[in-house]
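Single-letter residue listing:
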Amino acid sequence: MLQCDVQQFFPAVDHQILKNILAKTIACESTLNLCSKIIDSGVGVLSAEYDMRYFPDDDLFAAERPRGLPIGNLTSQFWANVYMNELDQYVKHTLRCKAYLRYVDDFLLFADDKATLHHWRDAIIAFLASLRLTIHENRAQAKPVEQGIPFLGFTVYPDHRRLKRSKGIMYHRHLKTLYRQFKAGEISREDGRASVMAWLGHVQYGDTYNLCRKLFREIVA
């Protein structure tokens, strides 16, 4: 198994590359102009969150390239999938990976040997450079699936799913803050309940019953 994730993905999406990708499929000029206006609205929005990276053949003006998708825009998730579809096609048709999974900028590749995974890792790094993207290379290491597959906040095993320990610790701190704010009258019961239910709606997809009991017992004790 090879797990990868893109560094600062939404701030790094290059506007001109995205527009070129859209132009390969969309022939209507009016539609392309509308897409361009929506994409251009993201110029500079996430600039403070982007650490400049230079790629082969870049000059000093590369730092001025328009980039970034506002995370709150309804179109941004769609643009993200359009952008990363280039990687999907490369992995499936060029690398011929038969077991591949992606959610936005997090993706997994599966193979029967480390040598294949190491080759794919190097190829993906080179390919993503054409999209002006980089991965967290220190995290992208070949691992046996027996150790569990970390994905979207869970560690997935053949017969169960566990919430990542770091996620549980983080929410424990957040829950204590919520309870303190509620007791101080800073938030209403309804707001506190909405926050708790949103978290429960996520963690219900893992084996978290005992974890939830422990967290809530500690808060009210």
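Please read all numbers here as calculations on a predicted model, not as lab measurements.

**Q** I keep staring at the packing of aromatic side chains and nothing clicks. Help me out?
**A** In this description, an aromatic ring pair is defined by two values, namely the gap between the centres and the angle between the planes. For the coordinates displayed, the defined rule picks out five aromatic pairs. A centroid spacing of 4.3 Å and a plane angle of 5° characterise the contact between Tyr90 and Phe127, whose relative ring orientation is stacked. With Tyr90 in helix 4 (residues 76–94) and Phe127 in helix 5 (residues 114–129), this residue pair connects regions lying 37 residues apart in the sequence. The burial state of Tyr90 is the same as that of Phe127; both residues are buried. Ring centres of Tyr171 and Trp199 lie 3.8 Å apart, and the angle between their planes is 0°; on these two criteria the pair is classed as stacked. Of this pair, Tyr171 sits in helix 6 (residues 165–183) while Trp199 sits in helix 7 (residues 189–203), and the two are 28 residues apart along the sequence. For the pair shown, Tyr171 and Trp199 are each scored as buried.

**Q** Help me out: how do you make sense of the nonpolar core in this one?
**A** Nonpolar side chains in soluble globular proteins tend to be buried together. Core analysis: the biggest nonpolar cluster contains 42 residues, and Phe9, Leu18, Tyr83, Leu87, Phe107, Leu109 and Leu133 have the highest contact counts within it. Secondary-structure elements contributing two or more residues to this core are strand 1 (2–5), helix 1 (9–12), helix 2 (15–23), helix 3 (29–40), helix 4, strand 3 (106–110) and helix 5. Tallying contributions element by element places helix 4 first for this core, with eight residues. Here Leu133 is in contact with Val6, Phe9, Ala12, Phe55, Tyr83, Met84 and Leu128, once residues within four sequence places are set aside. Core analysis: the second largest hydrophobic core is formed by 11 residues, Phe154, Tyr171, Leu178 and Trp199 among them.

Procedures and definitions
Residues numbered from 1 in each chain as written. Predicted model: local features only at pLDDT ≥ 70, side-chain atom pairs only at ≥ 80, totals over all residues. Heavy atoms only, no water. Phe/Tyr/Trp six-rings, centres within 6.5 Å; stacked < 30°, edge-to-face > 60°. Helix = DSSP H or I, 4+ residues; strand = E, 2+ residues; numbered from the N terminus. Buried < 20%, exposed > 50% of the residue type's maximum accessible area, 1.4 Å probe, protein only. Core = buried A, V, L, I, M, F, W, Y, C linked by side-chain atoms within 4.5 Å. Contact = heavy atoms within 4.5 Å.

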